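# Observations on the model geometry
If you want the building blocks of each chain, they are given just below.
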Amino acid sequence: MKLLNLLDVSDANAQAALDLDLGALRSDDPSRCRNVGEAAFVAGRTAILAPSATGHGSILAVFSERLNNGSTVQPGEYELWEPNEPPVAPTP
């Protein structure tokens, strides 16, 4: 797997820059994380690496539509999740 333009929010400094904390990442309310994901998609990011909501390990969300320009994911390296709603651009 090779991902270019990855948004890594696995450390506290990156979380602070996005006004996130572990509480938001582990909350039953996914709205804050969803907003970051939508913004990352609109900004052209390939993927997001973040602490898992369970508190164990990490989660890597890959935007398959963005896999180009040297980014690759091989079969067997992922599990496909269909989004509930497609990302949309934020309203100015």
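In short, a report on the structure.

Definitions and cut-offs
- Residues numbered from 1 in each chain as written.
- Predicted model: local features only at pLDDT ≥ 70, side-chain atom pairs only at ≥ 80, totals over all residues.
- Heavy atoms only, no water.
- Helix = DSSP H or I, 4+ residues; strand = E, 2+ residues; numbered from the N terminus.
- Buried < 20%, exposed > 50% of the residue type's maximum accessible area, 1.4 Å probe, protein only.
- Contact = heavy atoms within 4.5 Å.
- Areas by Shrake-Rupley, 256 points an atom, 1.4 Å probe, with all protein chains shown as cover.
- Patch = residues over 30% accessible without salt bridge, like charges linked within 9 Å, V, L, I, M, F, W, Y side chains within 5 Å.
- Salt bridge = Lys/Arg side-chain N within 4 Å of Asp/Glu carboxyl O.
- Phe/Tyr/Trp six-rings, centres within 6.5 Å; stacked < 30°, edge-to-face > 60°.

### Section: the overall build of the protein chain
From N to C terminus, the protein chain includes three helices and three strands. Element order for the protein chain, N to C, with α for helix and β for strand: β-α-α-α-β-β. With 92 residues in all, the protein chain has 24% of them scored as buried. In the protein chain, the share of contacts with a sequence separation of at least 24, taken over all contacts with a separation of at least 6, comes to 55%. Summed over all atoms, the accessible surface of the protein chain reaches about 6,500 Å², with 52% contributed by carbon and sulfur.

### Points about a nonpolar patch on the surface
A cluster of nonpolar residues, Met 1, Leu 60 and Val 62, forms a patch on the protein surface that exposes about 230 Å² of accessible area. Position of Leu 60 relative to the elements: it lies in strand 3 (residues 58–62). For Leu 60, a relative accessible area of 35% puts it in the partly exposed group.

### Thoughts on the packing of aromatic side chains
As enumerated under the stated definition, the model contains one aromatic pair in all. An angle of 80 degrees between the planes, with centres 5.2 Å apart, marks the rings of Phe 41 and Phe 63 as edge-to-face. Taken together, the residues Phe 41 in helix 3 (residues 31–42) and Phe 63 in the segment after strand 3 connect sequence positions 22 residues apart. Judged by its relative accessible area of 16%, Phe 41 is buried.

This is a description of form; function is not addressed.
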